[in-house]
Amino acid sequence: MTNASLGAGGNAALARTPRWRQRLSDWTPRLVLAPSLIASFVYVFLFTFWTLYISLSNSTLLPTYAFVGIKHYYELWSNKRWEIAYGNLFFFSGIYVVLALAVGLALAIAIDQRVRFESFWRTIFLYPLAVSFVVTGVVWKWIYSPDAGIEFLMRSLGWTDFTFRLTTDRDAAIYAIIATGVWQSSGFAMALFLAGLRSVDPDLIKAAQIDGASRIRIYRKVILPSIAPIFIAVAVVLLQFAIKTFDLVVALTGGGPGISTTFPANYVYDLMFQRGEIAIGAAAAIMMLAALAVVLVPYALWTNWRSRREAASHV
Amino acid sequence: MSETTFDAAFAAQARVENRRYILGRIGVYAFLGFFAFIYLLPLFVIVANSFRNLPEITQNGLIALPRSFSLKAWPQAWAHYCVSGTCEGIRRNFYNSLSMTIPATIVSTMLGAINGYVLSKWRFRGSETLFTCMMLGVFMPGQIALLPWAYILGALNLSNSVYGLILVHCVQGLSFTTLFCRNYYVSIPDDLIKAARIDGAGFWRIFFKIVLPISPPILIVTVIWQFTGIWNEYLFGVVFTGGRQQPVTAALVALSTSQMNAHPYDVGSAAVLIGAIPPLLIYFLGGKYFVRGLTQGAIK
């Protein structure tokens, strides 16, 4: 169809259209968006308030709507298992985020040295992201297991008193989760850092080279500062992963040995669906949301502030 | 005289530089190789063990070069192993995952494309605010939604069914798909849309004739993102379905926790691989788009 014929047909149609059809077509975008909007609003706001309300009610096995105030939050925070759960979360988040960033950055810088078969390396470091936490957890559980995995391997190689028992040791099991988490997500950090390294202004680098700066110095003084925003973005995403950690723990340690690797998300599931304490479970879920807000709200404000400042400086 | 010493010094300097360069190269490749080994180890272990026979695995351990070859584990994992009394293998859960993931991916992607089109090209007063509110869904932890969903699925008579999971994933995926498509459509020049409107083309006509034909890149990214995300999801699967209705992730957890006392690593490996193959295939075939989705989903 040519432009002219499209135009003629359109104009004719416009002339013939009755008022209500014109009205309807004005509203089409809004009508089309409405179902998704309603679904999203129900999901985001109604569900949050619903869960918030349940956390303030005296529900146990089934939801009831008798209001009891913050009693369940009090119970939650005086609970030993919850203490372990958020302790684990803090410990895990700290080490996991730092290690994933460090490994990701190191890999990105290594790949950035004009290596051969770049896409081959990238493919290897990123494939864990395509695999579920469940699969990751199950496989690593086997690799960590003393009777078939690393310990078995080292012993059969002749090192007969070698011990490597991450998942069966109360204090060490959290390191198994950290290591596996880093294995899973450092490729993600690598991909984003690599994109960042590639977007650094080449003139800047050239200028530093002409000034006689060494490679390491160029990285430290020119390249890394200019990808700092990416660094923060990746850290925020990784923190989000950490707060939502659930499947990995279920598949890797099942929260054990004992309750030593319970995470908040695991405890929520337990309270809601194993013990029939849905009000306390809801309170724990609300605390997870609060933790996410603590990470995300400052980040959102910061990015907003930055983009405004940038817009102002460009004028 | 002075010139020759200068040359010699220069050559020596060049030799040092050259040696440093070669050492640097070796260092970089050794570093990458070391990490590549760690990254590939689990994949190797799982593939190798699905083709070894169990006595040999028990004897030599999981991490070993295969010294036996057997195809027995695969049919066993697919159709015969037993979990809590039923002996159907992972076949049923695999079908469940497929029949959940495919419709949920298609529906959420289509809705996301239309939403993104409205929110970028047919903005109205307040549409930006609505968009921001929708985006909050990206960050919501699933745990917040568990009780409300359980109630709604119960009321709709969809609990313990794949259809319930389809609904959950469609709603949950909306914010992501809308975000992806909206950010892509923003880059279509407004003049193009304006010209079409002056020519009398309406909402749907512009969508199907102008926007959709240039959408394949973002649609591929969205489909890959949704497919892998929904296929790999575990929490909703384990909460809202049980036993024969469960998706493959939940079945794998059940398998690994219930049977691993007997350690049938060969069948376990094959089952785990069956559960991992669809997203892995997508990753290896559409890697470029997968990475693009990853970077967009993370940063924006």
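Asks: Before we move on, can you summarise the overall build of chain A with the specific residues and values?
Replies: When helices and strands are counted, chain A shows 14 helices and zero strands. Written out in order from the N terminus, the α and β elements of chain A read α-α-α-α-α-α-α-α-α-α-α-α-α-α. The C-alpha radius of gyration computed for chain A amounts to 27 Å, which surpasses the reference 20 Å derived for 315 residues by more than 25%, pointing to a less compact arrangement than a globule. With respect to the three principal axes, the spread of C-alpha positions in chain A is 90 × 75 × 40 Å.

Asks: I'd like to hear about the overall build of chain B, residue by residue, with values.
Replies: Regarding its fold elements, chain B presents 14 helices and zero strands. Seen in sequence order, chain B has helices and strands lined up from the N terminus as α-α-α-α-α-α-α-α-α-α-α-α-α-α. The C-alpha radius of gyration of chain B comes to 27 Å, more than 25% above the 19 Å expected for a compact globule of 300 residues. In terms of overall dimensions, chain B has C-alpha extents of about 85 × 65 × 35 Å along its principal axes. Every one of the 300 residues in chain B was classed for burial, and the buried ones make up 45%.

Asks: Quick rundown of the domain arrangement of chain B? Include the residues and the values.
Replies: Residues and elements named next belong to chain B. Per the domain assignment, the segments of chain B are domain 1 (2–73) and domain 2 (91–299). Each of domain 1 and domain 2 was reduced to a C-alpha centroid, and the two centroids are 37 Å apart. Domain 1 puts ten residues into the contact, and the matching count from domain 2 is eight residues. Elements supplying a minimum of two residues to the side of domain 1 that touches domain 2: α1 (2–50) and α2 (54–60). Looking at the side of domain 1 that touches domain 2, the element that brings in the most residues is α1, giving four residues. Split by residue class, the side of domain 1 that touches domain 2 holds six nonpolar, three polar and one charged.

Asks: Report on unusual backbone geometry, specifying residues and quantitative values.
Replies: Unusually for a residue other than glycine, F117(A) sits at a positive phi of about 55°. C-beta crowding within 10 Å serves as the criterion here: with 11 such atoms nearby, F117(A) is assigned to the exposed category. With a phi angle near 55°, N160(B) is a residue other than glycine that sits in the positive phi range. Classification of N160(B) by C-beta neighbours within 10 Å gives partly exposed; the count is 16.

Asks: Lay out the environment of N304(A) in plain terms, naming residues and giving numbers.
Replies: Tracing the backbone through its elements, the reader meets N304(A) in helix α14 (residues 278–314). Sequence separation of N304(A) and A173(A) is 131 residues, and the distance between their C-alpha atoms is 39 Å.

Asks: Lay out the interface of chain B and chain A with the relevant residues and their values.
Replies: If you look at the interface, chain B gives 69 residues, while chain A gives 81 residues. The element that contributes the greatest number of residues to the side of chain B that touches chain A is α1(B), accounting for eleven residues.

Asks: Give me the nonpolar core: which residues, what numbers.
Replies: Grouped together as the largest cluster of nonpolar side chains are 170 residues, with contacts concentrated most on A284(A), L252(B) and A271(B). Discounting residues that sit within four places of it in the chain, L252(B) has contacts with V134(A), V135(A), V138(A), A271(B), V272(B) and G275(B).

Asks: Got a sec to walk through the packing of helix α6 (residues 133–144) of chain A against helix α12 (residues 248–258) of chain B? Specific residues and values, please.
Replies: At a minimum axis separation of 9 Å, α6(A) and α12(B) run at an interaxial angle of 20°. What the angle tells us is that α6(A) and α12(B) run roughly parallel. By crossing handedness, the relation of α6(A) to α12(B) is classed as left-handed. For the pair α6(A) and α12(B), the contacting residues are V134(A), V135(A), V138(A) and K141(A) in the first and T249(B), L252(B), V253(B) and S256(B) in the second. Of the residues belonging to the contact of α6(A) with α12(B), the class tally is five nonpolar, two polar and one charged.

Asks: Any chance you could break down the environment of M135(B) for me, citing the residues and the numbers?
Replies: Residues and elements named next belong to chain B. Of note, M135 is situated in helix α5 (residues 127–139). The spacing of M135 and T178 is 43 residues in sequence and 8.4 Å in space, taken between C-alpha atoms. If sequence neighbours within four positions are ignored, M135 has contacts with S175 and L179.

Asks: So what's going on with the packing of helix α10 (residues 216–232) of chain B against helix α13 (residues 265–285) of chain B? Which residues, and what values?
Replies: All names here are of chain B. Between α10 and α13, the least distance of the axes is 9 Å, while the angle of their chain directions is 160°. The angle between the axes of α10 and α13 places the two elements in the roughly antiparallel class. Judged by the twist between their axes, the crossing of α10 over α13 is left-handed. Side by side, α10 and α13 meet where I224, F227, T228, W231 and N232 of the first sit next to P278, P279 and I282 of the second. For the contact of α10 with α13, the per-class residue count stands at six nonpolar, two polar and no charged.

Asks: Quick one: what's the story with the domain arrangement of chain A, residue by residue and with numbers?
Replies: The domain boundaries assigned to chain A delineate domain 1 (3–48) and domain 2 (80–314). Taking only C-alpha atoms into account, the centre of domain 1 of chain A sits 43 Å from that of domain 2 of chain A.

Asks: So what's going on with the confidence of the model for chain A? Residues and values would help.
Replies: Averaged over every residue, the pLDDT of chain A is 85; residues scoring 70 or more account for 94%. For the stretch residues 1–10 of chain A, pLDDT sits under 50, and the model shows eleven contacts to residues farther than four places along the chain or on other chains.

Asks: Requested: an account of helix α9 (residues 203–211) of chain B, with residues and values cited.
Replies: Among all positions in α9(B), only F203(B), I206(B), F207(B) and V211(B) are buried. End-on, the buried residues of α9(B) take up no more than an arc of 100°, which puts them together on one face. On the buried face of α9(B), the contacting elements are α2 (19–55) of chain A together with α4 (91–121), α7 (162–185) and α8 (190–198) of chain B.

Asks: Which residues make up the environment of L204(A), and what are the values?
Replies: Residue and element names in this part refer to chain A. With respect to the secondary-structure elements, L204 resides in helix α9 (residues 202–210). Note on L204: 13 C-beta atoms within 10 Å, which makes it partly exposed. Note: C-alpha distance between L204 and S93 (111 residues apart in sequence) is 35 Å.

Asks: Run through the confidence of the model for chain B, naming residues and quoting values.
Replies: On average, residues of chain B score 85 in pLDDT, and 94% of them reach the 70 mark or higher. α4(B) holds the highest mean pLDDT among the elements of chain B, 93, whereas helix α14 (residues 287–299) of chain B holds the lowest, 71.

Thresholds applied
Every chain's residues receive numbers from 1 upward, in the order its sequence appears when written. The order in which chains are written sets their letters, starting at A; the order in which ligands are written sets their numbers, starting at 1. Given that the model is predicted, a residue must reach a pLDDT of at least 70 before its local features are reported, and side-chain atom pairs must reach 80 or more before they are shown or counted; all residues, however, enter totals for whole chains, interfaces and linings. By the criteria applied, helices consist of DSSP H or I runs no shorter than four residues and strands consist of E runs no shorter than two, each listed in order from the N terminus. For this measure, only C-alpha atoms enter the radius of gyration; the expected value for a globule follows 2.2 Å times N^0.38, where N is the number of residues. Exposure in this text rests on C-beta crowding, where 20 or more other C-beta atoms within 10 Å of a residue's own make it buried, 12 or fewer make it exposed, and counts in between make it partly exposed. The C-beta atoms are placed from the backbone. Domain boundaries shown here were taken from an automatic or database domain assignment. Here, residue contact means that the backbone-derived C-beta atoms of the two residues sit within 7 Å. In the scheme used here, Gly and all other residues not listed as nonpolar or charged are polar, with Ala, Val, Leu, Ile, Met, Phe, Trp, Tyr, Cys and Pro taken as nonpolar and Asp, Glu, Lys and Arg as charged. The nonpolar core is taken to be a set of buried Ala, Val, Leu, Ile, Met, Phe, Trp, Tyr and Cys residues joined by way of C-beta atoms within 7 Å. For every element, the axis is a line fit to its C-alpha atoms; helices are fit only across the contacting stretch, and the angle between N-to-C directions ranges from 0 to 180 degrees. Any angle that is under 35 degrees is reported as roughly parallel, and any over 145 degrees as roughly antiparallel; angles of 65 to 115 degrees are reported as roughly perpendicular and all others as oblique. Each crossing gets its hand from how the near helix is turned against the far one by less than a right angle, where anticlockwise is left-handed and clockwise is right-handed. Per-residue confidence from the prediction method is given by pLDDT, with values spanning 0 to 100. Within this analysis, the arc is defined by the directions that extend from the helix axis to the C-beta atoms.

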